[in-house]
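Structural characterization, general
What follows is each chain in one-letter form.
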Amino acid sequence: MRRLLKTSSGVLVCALACSPFVLAQSSKPSDAKKAPASKSSPNHGLSHNLSGVWMQYDDGTAPGFARMNGVDDRTRPPLTPWGQERFDSAKPLMGPRAVGGSEDSAALHCEPSGPPQLLILPNPWEIVQVPGRTFMFFEEYHIWRTIWTDGRPLPKDPDPSWLGYSVGHWEGDTFVVETVGFNDKVWADLSGNPRSEQMHLTERYRRLNHDTLEQQIIIDDPKSYTKTWVSPPKLHKFEPKWEIAEWFCASSENQTYDKDVRKPSGGGPVDPNK
Amino acid sequence: MKEIGHKVFSSKLARIVTLIGLSLAFSPLGLAQTTAQSDKRSDPAKTQDGAPLSHDLSGVWMQYRDGDVPGTPGMNGVNEHFRPPLTPWGQSQFESAKALQGAKAVAGKEDTSVLRCEPSGPPQVLILPNPWEIVQIPGRVLMFFEEQHIWRTIWADGRTLPKDPDPSYLGYSVGRWEGDTFVVETIGFNDKEWVDLYGNPRTSTTHLTERYRRLNKDTLEQQIIIDDPKVYTKPWVSPPKMHKLEPGWELAEWFCVLDENKDYDQVVRKPAGVAPNSK
């Protein structure tokens, strides 16, 4: 993340082009994760244990949307007029509407990301469970997130924020995370689909076996979408030897910021082969 | 905190006052949400001073004004009064810095990476009087800072410091217990920020040591030791600083956001055009 290109287009470049192996340090195993399991082992004893570094990979189900389909455009319900307006004005990073060099999003300004966009990027992330809380750590922008699991309800009138306010509970073997209190400054995805302050986000996590975590993202945002947006589940792979590396988005130099972010049309489209 | 953050950021003054302002002026009580207690810390056996809490550092901590360094309330974890002489190189770096604080600071002329919303890191992030939290899990100690929503990993699984770490904002940290003192050592810093708000340099050769000791249930002692022969002619040993346990607090979301280019241009890129104390 120290090179110029990466500063301005960290999301694009690294999400699409960089090898994830470059981003995640693989020096030593973090904790002794000695769970005796193979790929085919059942989740016995692990069903309520989501801890570890997870990674999503290209599964080929969404051509042109290399593996970033945790929020799946193909299952999106019709937009409301407000949602449509937002969507039309967005200069997306991906999809058929993306124009090389004209992309614009909060992430390109090094502004914080947040759920669900943060959840769909193919970068390493880690779950840590402690009493009363579940933490999620994302390599992307070095963001951490708290999910309260101490039985508290969602707040009635939360201040809008990037990450929202999250609570989680177990329904059988499924860890259900509900989040409210978002601001509307990030999109729900990289295609420009909006997120509003009315969004109620539900994430459903299920550890299918030692190596596989299923994640399903459900967006209920009546200001943006005419119906609840239920994306198909997405699988994440356990990476026991990985540790989350430091990846900050830093507008390190004003000149770089000006050239690559504020005047993106001067920079031309990103060539992933370079 | 979020509310404060937004209001501040949408005003012109904001960028400049964020750090100084939030750190010095606003009540810390406004920064940390006090909604509900996160974890129960109610074991009476653990509430006695000196007892088995000694290896338990977890909780939300806060440092307060102690007045022993006039003009720098609460922000003396890295204490300039104890700074050793600078090397010639360190001196030149120090003199070129446009400090946020201290005798060198000129209102409207301050400039630091933090004002551009670039990440902070140790030891600077440790000395700001904002809530921070320690969470201990097997093999690791996690530190969470409300300031810029930063988290940091201290490996406590016996591993050694890396031989040739890539320079980074947070560095690479390992920790171990020496009796009742948790000793954190960090290397692998970049030189993109200062160790404090005076402009004292941090470089890729900085070796940072932090010593933590829980004196009683409510008090955490933190001592910061900076060793960087490129900058300082001797190790810089600051006196210990006390942090108070705030069991009813939870860290709020505080991101540094360059929300609008206009703000960025007016307030950050042309700081000389703004006199922070004028209106």
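Scoring rules and cut-offs
Residues numbered from 1 in each chain as written. Chains lettered and ligands numbered in written order. Predicted model: local features only at pLDDT ≥ 70, side-chain atom pairs only at ≥ 80, totals over all residues. Helix = DSSP H or I, 4+ residues; strand = E, 2+ residues; numbered from the N terminus. Contact = placed C-beta atoms within 7 Å. Buried ≥ 20, exposed ≤ 12 C-beta atoms within 10 Å, placed from the backbone. Pairing = 2+ DSSP bridges. pLDDT = per-residue confidence, 0-100.

1. Structural notes on the overall build of chain B
Across its full length, chain B carries five helices and ten strands. If you take every contact in chain B between residues at least 6 apart in sequence, the share linking residues at least 24 apart comes to 63%.

2. Considering the overall build of chain A
Counting its secondary structure elements, chain A contains five helices and ten strands. In chain A, which comprises 274 residues, the proportion classed as buried is 45%. Of the contacts formed within chain A by residues at least 6 apart in sequence, a portion of 63% connects residues at least 24 apart.

3. Topic: the pairing of strand β8 (residues 212-220) of chain A
Residue and element names in this part refer to chain A. In β8, alternate side chains face the same way, and those of Leu213, Gln215, Ile217 and Ile219 are buried while those of Thr212, Glu214, Gln216, Ile218 and Asp220 on the opposite face are not. Sheet analysis places strand β7 (residues 200-209) next to β8, joined by nine bridges and oriented antiparallel. Directly across from arginine 206, in β8, lies its bridge partner glutamate 214. Counting the residues between successive antiparallel strands, the hairpin from β7 to β8 contains two residues. Note: β8 against strand β10 (residues 234-238), four bridges, orientation antiparallel. In the strand pairing of β10, glutamine 215 is matched with lysine 234. Of the pairings in the sheet, the one linking β8 to strand β9 (residues 229-230) comprises two bridges and is antiparallel in character. Its bridge partner lying in β9, isoleucine 219 is registered against tryptophan 229.

4. Focus on the environment of aspartate 88 of chain A
Looking at the element boundaries, aspartate 88 of chain A is found in helix α3 (residues 81-89). For the pair aspartate 88 of chain A and arginine 207 of chain A, spaced 119 residues apart in sequence, the C-alpha separation works out to 37 Å.

5. Observations regarding unusual backbone geometry
Leaving glycine out, the prevailing phi sign among residues is negative, and the prevailing peptide bond configuration is trans. At the junction of proline 115 of chain A and proline 116 of chain A, the peptide bond is cis and its omega measures out at -5 degrees in the coordinates. Position of proline 116 of chain A among the secondary structure elements: in the loop between α3 and α4 (117-120). A cis amide bond, omega 0 degrees, links proline 122 of chain B with the succeeding residue proline 123 of chain B. Here proline 123 of chain B shows up in the loop between α3 (88-96) and α4 (124-127). One non-glycine residue, tyrosine 141 of chain A, lies in the positive phi region at around 65 degrees. Mapped onto the elements of the fold, tyrosine 141 of chain A is located in the loop between β3 (133-138) and β4 (143-148). Residues other than glycine seldom take positive phi values, yet histidine 149 of chain B does so here, at roughly 55 degrees. You can see histidine 149 of chain B is positioned in the loop between β3 (140-145) and β4 (150-155). Here histidine 149 of chain B falls in the buried class, since 22 other C-beta atoms lie within 10 Å of it.

6. Some remarks on the pairing of β4 of chain B
Residues and elements named next belong to chain B. Burial of β4 is extensive: six of the six residues sit out of reach of the surface. Across the two faces of β4 the burial is the same, with Ile150, Arg152 and Ile154 and Trp151, Thr153 and Trp155 all buried. As paired strands, β3 and β4 are joined by six bridges and run antiparallel to one another. Note that in β4 the partner of phenylalanine 144 across the bridge is tryptophan 151. Turn length for the β3-β4 hairpin, with the two strands adjacent in sequence and antiparallel, is four residues, and the turn residue glutamine 148 shows positive phi of about 60 degrees. Sheet topology places β4 next to strand β5 (residues 172-178); two bridges connect them, and they run parallel. Bridge assignment links isoleucine 154 to a residue of β5, and that residue is serine 173.

7. So, the confidence of the model for chain A
Residues and elements named next belong to chain A. Put simply, chain A has an average pLDDT of 78, and 72% of its residues get 70 or more. Throughout residues 1-41 the model reports pLDDT below 50, and contacts reaching past four residues in sequence, or to other chains, amount to 74 contacts. Per-residue pLDDT stays below 50 along residues 262-274; that stretch engages in 22 contacts with residues further than four places along the chain or on separate chains.

8. Some thoughts on the confidence of the model for chain B
Summarising the model, chain B shows a mean pLDDT of 77, and 71% of its residues fall at 70 or more. With pTM at 0.79, the complex prediction returns an ipTM value of 0.78.

9. Brief notes about the environment of methionine 242 of chain B
All names here are of chain B. For methionine 242, the position within the fold is in strand β10 (residues 241-245). Look at methionine 242 and you get partly exposed, because 15 C-beta atoms sit within 10 Å. In sequence terms methionine 242 and threonine 153 are 89 residues apart; their C-alpha atoms lie 22 Å from each other. Residues contacting methionine 242, with those up to four places away along its chain left out, are Thr219 and Glu221.

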